[in-house]
Amino acid sequence: FETRDHAEACGRWIRGYLLGHAEDRAWYESNVEKRALSSNDNAKGGVLVPEAFAATVIRLVDEYSAIPQQANVIPMSSNTLYIPRRTSGNTAYFVSDNSETTASDMGFDNVMLSTKDCRVATRVPNSLIADSAVDLASLVAQEFALSLSKKIDDAGFAGDGTSTHGGIRGIQWKFENETLTAGVHNSSQTLVSGLTVDDFLTAVSKLPSYARNRANWYVTPQMYALSMQSLALSSPGSAAELMNGVNIPRFCGYPVLFNNSMRTSASTDQVVALFGDLSLSTHYGLRRNVAIRASTDRYIEFDQTYFQATCAFDIVTSDVGDASTAGPVVALI
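Residues numbered from 1 in each chain as written. Predicted model: local features only at pLDDT ≥ 70, side-chain atom pairs only at ≥ 80, totals over all residues. Heavy atoms only, no water.

Some thoughts on the overall build of the protein
For step 1, the next point in the chain: For the protein, the count of helices and strands is 11 helices and 13 strands.
For step 2, the next point in the chain: Taking all 333 residues of the protein together, 45% fall into the buried category.
For step 3, the next point in the chain: In the protein, 73% of the contacts between residues at least 6 apart in sequence involve partners at least 24 apart.
For step 4, the next point in the chain: Here the protein displays about 17,200 Å² of accessible surface, and carbon together with sulfur accounts for 48% of that area. (Helix = DSSP H or I, 4+ residues; strand = E, 2+ residues; numbered from the N terminus. Buried < 20%, exposed > 50% of the residue type's maximum accessible area, 1.4 Å probe, protein only. Contact = heavy atoms within 4.5 Å. Areas by Shrake-Rupley, 256 points an atom, 1.4 Å probe, with all protein chains shown as cover.)

Here it is in structure tokens:
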């Protein structure tokens, strides 16, 4: 939680409204505006937790996830959204005097975002809630955020189209399974630690100029340490670049952004680094922010409280080039 007051309010709410502790309920009603209460019961006795709890989870998901920070975020007002995409442009021609101008058309198609529900749940002993409600509220919020953010990043980077990833095919999967050779550099090295500066520069050379203004490296922290950082520290002048990028490290002049969903070790024909502008290649459609419910009825026989967090989103990587033209993100394989 951003403040201890928010954590205490949520902890008091859990004890007062879920466990029926009169003292905590009275404290909550005296210290928190009544219009902020959420008491909408569902059919199974669940209630929406205070807004501060959900807001904390949402903030942490945004902080922990790479996709919401780096992809093109699109709020969705319905479960399906079509985004127009330019596929080709006009053609210019040389003409002589008094000659007719040849017309050409721009080409467009649509990218469809169709949301998927993603949920995470846990059961907590009521005795633990009674003893440490404030700490427990923080723990549940952080665990929910970590779980949801990992699911989002796993789908956006490594999703293989199966139900495990909600049918989402991530950008890493696309480079490994589709014919996108124009934007791929295949290294001859067999180990990540054997990659050379020339391998990375060859990948950089494949990126079109329009995607270079906001280009980044996308790698795991392990990949950065084993390869990029090792190369930088062994090259004259590179240590200064590392020192100047304490919060956001740089390599070959470009920022390095981390995620924990790409591979930390790779075998033949697998992506170890992406380079480019993810906001031009990947769309993150958010239909519904995180909603959190709690119920003491579901597991009453175990004297446990049930917490559940739900969000609805979709991730579509639509622009990564093809066999003849590189897209806004390229890959080092």
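Things to note about the sheet that holds strand E8 (residues 250-251)
For step 1, the next point in the chain: The strand order across the open sheet formed by 6 strands is E6-E13-E10-E7-E9-E8, and the pairing between neighbours is mixed. What marks the edges here is a single partner per strand, and that holds for strand E6 (184-185) and E8.
For step 2, the next point in the chain: Two elements, strand E10 (residues 273-276) and strand E13 (residues 329-332), share 4 bridges in a ladder whose sense is antiparallel. Considered in E13, the bridge of Phe-275 is made with Val-330.
For step 3, the next point in the chain: Along the sheet, helix H8 (residues 197-205) makes contact with E6, strand E7 (216-219), E8, strand E9 (254-258), E10 and E13, crossing E13 at roughly 155 degrees. (Pairing = 2+ DSSP bridges. Axes fitted to C-alpha atoms, helices over the stretch in contact; angles between N-to-C directions.)

Describing unusual backbone geometry
For step 1, the next point in the chain: Of note in this structure, Cys-252 is not a glycine but carries a positive phi near 55 degrees.
For step 2, the next point in the chain: Locating Cys-252 in the fold gives a position in the loop between E8 and E9.
For step 3, the next point in the chain: Note on Cys-252: relative accessible area 25%, which makes it partly exposed.
For step 4, the next point in the chain: The phi torsion at Asp-303 lies on the positive side, around 55 degrees, for a residue other than glycine.
For step 5, the next point in the chain: Assessed through its relative accessible area of 45%, Asp-303 is described here as partly exposed.

Side note on the confidence of the model for the protein
A low pLDDT score tells you not to read the predicted coordinates there in detail.
For step 1, the next point in the chain: On average, the protein scores 83 in pLDDT, and the residues at 70 or more come to 87%.
For step 2, the next point in the chain: When the elements of the protein are averaged for pLDDT, helix H10 (residues 238-244) gives the smallest value, 56, and E13 the largest, 97.
For step 3, the next point in the chain: Taken as a whole, residues 35-45 scores under 50 in pLDDT and shows 17 contacts with residues more than four places along the chain or in a different chain. (pLDDT = per-residue confidence, 0-100.)

Concerning the pattern of salt bridges
For step 1, the next point in the chain: Under the counting rule described, the total for this entry stands at 9 salt bridges.
For step 2, the next point in the chain: Of the charged contacts, one joins Arg-12 and Asp-24 as a salt bridge, the two residues approaching to 3.2 Å between their closest N and O atoms. Of this pair, Arg-12 sits in helix H1 (residues 4-18) while Asp-24 sits in helix H2 (residues 22-31), and the two are 12 residues apart along the sequence.
For step 3, the next point in the chain: The residue Glu-29 makes a salt bridge to Arg-25 at a minimum N-O spacing of 3.6 Å. (Salt bridge = Lys/Arg side-chain N within 4 Å of Asp/Glu carboxyl O.)

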